[in-house]
Amino acid sequence: MNDKLYIFDTTLRDGEQVPGCQLNTIEKIEIAKHLEALGVDIIECGFPISSPGDFKSVTEVSKVVTESRICALSRAVEKDIETAADALHYARLKRIHTGIGTSDYHIKYKFKSTREEVLERAVAAVKYARKFVDDVEFYAEDAGRSDNDYLARVVEAVIAAGATVVNIPDTTGYCFPAEYGEKIAYLMNHVKGVEHAIISTHCHNDLGMATANTLAGVMAGARQAEVTINGIGERAGNTALEEVVMAIRSRREFPVYTDIKAKNITKISHQVSSMMRMPVQPNKAIVGRNAFAHSSGIHQDGVLKNRESYEIIDPTDIGLEDSVIALTARSGRAALDHHLHRLGITLSQQELAIAYEKFLRLADSKKDIDDADLYEIAGVAEGNIRQKIALKYLQVVCGKNAIPMATVTLEIDGEECTHTSSGIGPIDAAFSAVKALVHRKINLEEMLIQSINGGTNDIGKVHIQIENKGTIYYGFATNRDIVTATVEAFIGAISKIL
């Protein structure tokens, strides 16, 4: 029987340290509830001594989350520990996470101290925290650059003092996978009493190896992984929860399992990206929009014949509907035929060959091939398109001390209709007006705005991803007016529903 790997999520603490990604208490509560539904074992909600906002967030999350353990961070300082304990007052399952730096960089330059004094402070902090809670995690900050012999002394001492979990952070993302795995193995083999505590990984991505280091640590004996959704975090980020979970599910050699409900991964990834205003890069593993997209004709043909030809993960396992067969100039006949069948169009081999030649000519000049293009390529009368939407008029009002308003006129099936809505900004107001006109429940999953060339007169490119009744739809648009481009992309995605 495999061991359980405990998933410790620090999106709300370490992840929130990214400039511009701060969350208010209500937002933290919402994400925490989704983390609980995801099956996260421990949720680190904040650093209570750092600000009244963090203290309040830990307190309020503690009141509503009952299945996941709630964790609060502190330094090896009595006042920090007392404040963390106060913030955790309402938590059903609680943990104090306290610690101190153990590398010579921290001991000599940050603390201007000695190894012996730091060891004493570490033990004292754990003993003091145990007066408030039964579950105390100790972090040896910058363990990645700490001397292994000294690190083992610290770990052994804090376990003897009552630490139930010991965190071995690669704070600067310095380690290579083999090096980090060896460090965990050294502790497992040289620390007396290590069997009485859980050794935890906490890896940063400065050299792009956070997930690899975490998995190496797990193979060496760590049984807790500290992660964030989408790998969000300071500098280059933290280990991504979704990467660790799906790597373990995909490879049988890992001697562990998790309780993560993987089908919730896509949903919470989009939520965190939206609420923390941190777009997910398209080629991000597991949750990037291109992670299950295929544009090469050879790949598309292989996937259509057998998904496992080019995919090691079933997209439905993480809450997606299916793989994406993208139509580009590199696509083959199989991909074109697949999309034509999706629209209910069946062509003979000769007709398909003719349509494919038309498709290639169009794809060379147009980056995004939409359904209207496919009808034209196949020679199907425009009347067979069930419904087409066009943006005829858009006016927005916004500014300091002004209520954002948008008036939108759409042409739907040849008829024009107009609606005016308010919102928290001009784009939100315009989206509300569009949704009122099309009478559909639409959830915005992702919106990415990019500058093509740079400069104030640049063209903006917008990618929109929406969800309707469990299906994902995409829209793209470019325009010098970024609000117009965004609304046109939104309408483009909606057109595919209708």
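(A) Inspection of the side chain of Ser269 at higher detail. Inspection of the secondary structure puts Ser269 in helix 10 (residues 265–275). Ser269 gets classed as buried once you look at its relative accessible area, which sits at 1%. There is a polar contact of 2.7 Å between the side chain of Ser269 and the side chain of Asn230. Discounting residues that sit within four places of it in the chain, Ser269 has contacts with Ile229, Asn230, Val280 and Val287.

(B) How the structure looks around the nonpolar core. Judged by nonpolar contacts, the single largest core of 92 residues is most densely connected at Phe138, Val155, Val166 and Ile168. Excluding residues within four positions of it along the chain, Val155 makes contact with Val166, Ile168, Leu187, Val191 and Ile199.

(C) Broad picture of the sheet that holds strand 14 (residues 405–412). The sheet built from three strands is open, its strands ordered 13-14-15 with antiparallel pairing. In the strand order of this sheet, the two ends are held by strand 13 (389–397) and strand 15 (415–422), each with one partner. For this sheet the average axis-to-axis angle between neighbouring strands, irrespective of direction, equals 15°. Alignment of strand 14 against strand 15, held across eight bridges, turns out to be antiparallel. Note on strand 15: the bridge partner recorded for Glu411 is Glu416. On the sheet, helix 15 (residues 426–438) packs against strand 13, strand 14 and strand 15 and is oriented at approximately 35° with respect to strand 14.

(D) Focus on the packing of aromatic side chains. Summed over all chains, the structure comprises two aromatic pairs. For the pair Tyr128 and Phe132, a centre-to-centre distance of 5.3 Å together with 75° between the ring planes defines the contact as edge-to-face. One residue, Lys63, lies across the ring of Tyr90, its end atom 4.8 Å from the ring centre. Looking at Arg145, its charged tip hangs above the ring of Tyr105, at a distance of 4.0 Å from the centre.

(E) View of a nonpolar patch on the surface. A contiguous nonpolar surface patch, about 290 Å² in accessible area, is contributed by Leu444, Met447, Ile449 and Ile482. In terms of residues, the nonpolar patch owes the most to one element, strand 16 (residues 443–451), which gives three residues.

(F) Representation of helix 13 (residues 349–365) in the model. For helix 13, which comprises 17 residues, the first-to-last C-alpha distance of 25 Å matches the rise-based estimate of 24 Å (1.5 Å per residue) to within 8%. Along helix 13, the residues classified as buried are Leu352, Ala355, Tyr356, Phe359 and Ala363. Along the axis of helix 13, the buried residues cluster in a sector spanning 110°; they form a single face. Counted as exposed and oriented over 90 degrees from the buried face of helix 13: Gln350, Arg361, Asp364 and Ser365.

(G) Region of interest: the side chain of Glu137. Topologically, Glu137 is positioned in strand 6 (residues 136–141). Classification of Glu137 by relative accessible area gives buried; the value is 0%. Here Arg95 takes part through its side chain, which lies 2.9 Å from a polar atom of the side chain of Glu137. One polar contact links Glu137 to His97, side chain to side chain, over a distance of 3.3 Å.

(H) Layout of the environment of Ser309. Topologically, Ser309 is positioned in the loop between helix 11 (297–305) and strand 12 (324–325). Take Ser309: its relative accessible area is 42%, and that puts it in the partly exposed class. In this structure, the C-alpha to C-alpha distance between Ser309 and His299, residues 10 residues apart in sequence, is 8.0 Å.

Conventions used here
- In this convention, every chain numbers its residues from 1, walking through the sequence in written order.
- Local features are withheld for residues below a pLDDT of 70 in this predicted model, meaning they are given only at 70 or higher, and side-chain atom pairs are given and counted only at 80 or more; totals for whole chains, interfaces and linings count all residues.
- The side-chain numbers reported here are obtained from all heavy atoms of the structure, hydrogens and water having been left aside.
- In this description a helix means any DSSP run of H or I spanning at least four residues, a strand means any run of E spanning at least two, and both kinds are numbered starting from the N terminus.
- When accessible area is computed with a 1.4 Å probe and restricted to protein chains, residues below 20% of their type maximum are described as buried, those above 50% as exposed, and intermediate ones as partly exposed.
- N or O atoms within 3.5 Å of each other form a polar contact, as long as, within protein, one can give a hydrogen and the other can take it, and as long as residues adjacent in sequence are counted only when both atoms are side-chain atoms.
- Throughout, a contact is declared for two residues whenever any of their heavy atoms are within 4.5 Å.
- Nine residue types can take part in a nonpolar core, namely buried Ala, Val, Leu, Ile, Met, Phe, Trp, Tyr and Cys, and a core is a set of them joined through side-chain atoms within 4.5 Å.
- Any two strands with at least two DSSP bridges between them are considered paired.
- Angles shown run from 0 to 180 degrees and are taken between the N-to-C directions of axes, each axis being a line fitted to C-alpha atoms and, for helices, limited to the stretch in contact.
- In summary, the pairing rule links any two rings of Phe, Tyr or Trp, Trp by its six-membered ring, whose centres are within 6.5 Å, and it sorts them by plane angle into stacked for under 30 degrees, edge-to-face for over 60 and tilted for everything else.
- Definition used: whenever NZ (Lys) or CZ (Arg) falls within 6 Å of the ring centre and also within 35 degrees of the ring normal, the charge is taken to sit over that ring.
- Residues enter a patch when their relative accessible area is above 30% and they make no salt bridge; the linking distance is 9 Å between like charges and 5 Å between nonpolar side chains (Val, Leu, Ile, Met, Phe, Trp, Tyr).
- Areas reported as accessible are Shrake-Rupley estimates using a 1.4 Å probe. Residue values count occlusion only from the protein chains shown.
- By definition, a salt bridge exists where a carboxyl oxygen of Asp or Glu is found within 4 Å of a side-chain nitrogen of Lys or Arg.
- Residue count minus one, scaled by 1.5 Å, sets the expected span of a helix.
- In this description, one arc is meant: the one made by directions from the helix axis to the C-beta atoms.

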